[in-house]
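# Per-entry structural report
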Amino acid sequence: MDDTSASEAKHTVLHTLHQELGGKIVPFAGYALPVQYPAGIMAEHKQAREAAALFDVSHMGQLRLEGADRIAALEALVPADLAGLVPGRQRYSFFTNEEGGILDDLMISNQGDWLFLVVNAACKEADIAHLKAGLKGDVTLTELTDRALIALQGPQAADVLARLAPGVQTLAFMDCKPVEVDGLACLVSRSGYTGEDGFEISVPADRAEALARRLLAEAEVAPAGLGARDSLRLEAGLCLYGHDIDETTTPVEADLVWAIQKRRRNEGGFPGAAVVQKQIAEGAPRRRVGLQPEGRAPVREGTELQNDKGEVVGRVTSGGFGPSAGAPVAMCYVATELAAEGTPLQAMVRGKALPCRVAALPFVPHNFFRG
Amino acid sequence: MSEKRYTEDHEWVMVSGGEATVGISDHAQEQLGDIVFVELPEVGKTLSKGKEAAVVESVKAASEIYAPADGEVLAVNEALNDEPGKVNSDPEGDGWFFKMKLSDPSQVEKLMDAAAYKAFADGQS
């Protein structure tokens, strides 16, 4: 899936730390990153659900959009209500194309006189090109290459971070504000990719290793790699771009209409708006849903789904074992008429038809901070 | 009592009487990570050396386990259905996968012994 060779792979500023911690380094989106540390994926996953796990997510793109026309310019590319986004608040959104497909998903926050964007590493270059081509008017785009990004996720994350940033517990879920962390000027959001309470900390790159070490020194914190990041977000029902959402999936099919605020649903004004509005009004042919295999065998990405007549009715887009669920879990697209919770389906795994059922997402309840 | 032999695919074989017990090495379980599911062959199934005999799934991916020799499955380790983690905790003991009847015991004699396998596995890391 990833053809990065060891010699071409980029390193984040925490690469030396990953090696020191015994990280098993693998290629991911052009970077060399740890898929796990010696503790293993199951332990790292549980760390995030029970205490605090630290992830290096510096491979993701951090972008700055400024200029008098920045809000209107970005609203022309994403279906989010940015005019109504209060300073210090963040929204989840996506770049759409003319067919209503999704080019990437991202976080956008209002930093007063600028907008802060966090995009996927795999789409970073394409997103920047897309923005440069599409932004109109008085607006400037800068990639913040001098910043790293560290995620601290889990029920203990707030207590831990408060030792370095007193008052950080007062951040509400989806706040994104300047916060001094261990004396460093950071941008901290109360959000993440695990379904747990947690923070994403944008820190100056040359201070990132020191901050990571400082956090890892806390008793509740252990490092976690890409493997746990994937199992956590899958249990939480969160999409992975390029797998559960891509240029062929609309936000309606992907069950992401909640991220298109009412004014944008009504007014459109983003690429593919007509397609999206029509699907909202009339329904979409297929839907992203959870899939619960009834046995113990994982049902993985790419697996064909059939009905009891042997007809192909869908495809798995993400699948694996859920350490907190204690069972295999998956996400898939199925024909809308089969999307009701409990619908029985068959997953074709190694020539056998494994019984599954459509399941509600998330598999593990979210623990976002409710104040 | 014979000694353990190893394949280049990191399976071990232990012959006792007419039976060979097969599992994966400690090196293999460490490379795979936490095992969450094992698909064992059916008793009576014919096995061909080098062909797929079982599947072991970690959190991230599925891996094939190959038959180390020609023969027939006599028994499988049912305990792995409920406790796939045994493959991680005791890969060369309680984490055994299946027992087979060997149609050509000389195939096993040609496999690596423990010392040769250790050198092979270390060279791969």
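The shown structure was predicted, so the numbers you read here are calculated from the model rather than taken from an experiment.

Take the overall build of chain B next. Within chain B one finds five helices and nine strands. When its helices and strands are written in sequence order, chain B yields β-β-β-α-β-β-β-β-β-α-α-β-α-α. Against the compact-globule benchmark of 14 Å for 125 residues, chain B has a radius of gyration of 13 Å, which places it among compact chains. Overall, chain B is about 35 × 35 × 25 Å in size when its C-alpha atoms are taken along their principal axes. Among the 125 residues that make up chain B, the fraction classed as buried is 41%.

The next thing to look at is the overall build of chain A. When its secondary structure is counted, chain A shows nine helices and 19 strands. The C-alpha radius of gyration computed for chain A amounts to 20 Å, which stays within 12% of the reference 21 Å derived for 371 residues, consistent with globular compactness. Projected onto the principal axes, the alpha-carbon positions of chain A cover approximately 65 × 50 × 45 Å. Of all 371 residues assigned to chain A, the portion counted as buried reaches 51%. Considering only contacts in chain A between residues 6 or more positions apart, those separated by 24 or more positions represent 67%.

We now examine the interface of chain B and chain A. With nine residues of chain B in contact, the opposing surface of chain A contributes twelve residues. When contributions to the side of chain B that touches chain A are tallied by element, the ones reaching two or more residues are β4 (35-39) and β6 (52-58) of chain B. With three residues, the single largest contributor to the side of chain B that touches chain A is β4 of chain B. In terms of residue class, the side of chain B that touches chain A is made up of four nonpolar, one polar and four charged.

What follows is about the sheet that holds strand β7 (residues 62-66) of chain B. All names here are of chain B. Taken together, three strands build an open sheet; the order of strands is β4-β6-β7 and the sheet is antiparallel. Both edges of this open sheet fall to β4 and β7, since each of them pairs with a single strand only. Between one strand axis and the next, the sheet turns by 25° as a mean value, whatever way the strands run. For β6 and β7, the ladder comprises five bridges, and the chain directions are antiparallel. Residue V56 lies in a different strand from β7, and its bridge partner there is S63.

Our next topic: the sheet that holds strand β9 (residues 147-153) of chain A. Residues and elements named next belong to chain A. Across the sheet, which stays open at both edges, the six strands sit in the order β10-β11-β12-β9-β3-β13 with mixed pairing between neighbours. Taken across any chain shown, the strands that pair with only one partner, and hence form the sheet edges, are β10 (176-181) and β13 (221-223). Geometrically, the sheet is characterised by an average inter-axis angle of 30° between neighbouring strands, direction not taken into account. In terms of strand pairing, β9 meets strand β12 (residues 198-204) through seven bridges, oriented antiparallel.

A few words now on the packing of helix α2 (residues 41-50) of chain A against helix α7 (residues 226-235) of chain A. All names here are of chain A. One way to put it is that α2 packs onto α7 with a least axis distance of 8 Å and a crossing angle of 55°. By the criterion of interaxial angle, the relationship of α2 to α7 is oblique. The crossing of α2 and α7 is right-handed. Every residue of α7 that contacts α2 at I41, E44, H45 and A48 is listed here: G227, A228, S231 and L232. Residues that form the contact of α2 with α7 fall into these classes: four nonpolar, three polar and one charged.

Residue and element names in this part refer to chain A. For chain A, the domain assignment lists domain 1 (15-58 + 145-235) and domain 2 (285-371). Once you take the C-alpha centre of each, domain 1 and domain 2 turn out to be 29 Å apart. On the domain 2 side, the residues contacting the 14 residues of domain 1 number 16 residues. Listed by contribution, the elements that provide at least two residues to the side of domain 1 that touches domain 2 are α2 and α7. Here the side of domain 1 that touches domain 2 takes four residues from α2, the largest share from any one element. Of the residues that constitute the side of domain 1 that touches domain 2, the class distribution is five nonpolar, three polar and six charged.

In this section: the pairing of strand β16 (residues 312-322) of chain A. Residues and elements named next belong to chain A. Along β16, eight of the eleven residues are buried, which leaves the element largely enclosed by surrounding structure. Judged from the three bridges that link them, strand β15 (residues 304-306) and β16 form a sheet pairing that is antiparallel. Its bridge partner lying in β16, L305 is registered against G314. Counting the residues in the hairpin turn of β15 and β16 gives five residues, including G310, whose phi is positive at 80°. Note that β16 and strand β17 (residues 327-335) share eight bridges and pair antiparallel. Bridged to F321 within β17 is P328.

In this structure, E125 of chain A sits in helix α4 (residues 124-134). A C-alpha to C-alpha distance of 22 Å links E125 of chain A and A80 of chain A, two positions 45 residues apart in sequence.

What counts and how
- Residues numbered from 1 in each chain as written.
- Chains lettered and ligands numbered in written order.
- Predicted model: local features only at pLDDT ≥ 70, side-chain atom pairs only at ≥ 80, totals over all residues.
- Helix = DSSP H or I, 4+ residues; strand = E, 2+ residues; numbered from the N terminus.
- Rg over C-alpha atoms; globule rule 2.2 N^0.38 Å.
- Buried ≥ 20, exposed ≤ 12 C-beta atoms within 10 Å, placed from the backbone.
- Contact = placed C-beta atoms within 7 Å.
- Nonpolar A, V, L, I, M, F, W, Y, C, P; charged D, E, K, R; others polar.
- Pairing = 2+ DSSP bridges.
- Axes fitted to C-alpha atoms, helices over the stretch in contact; angles between N-to-C directions.
- Parallel < 35°, antiparallel > 145°, perpendicular 65-115°, else oblique.
- Left-handed = near helix turned anticlockwise from the far one by under 90°.
- Domains from an automatic or database assignment.

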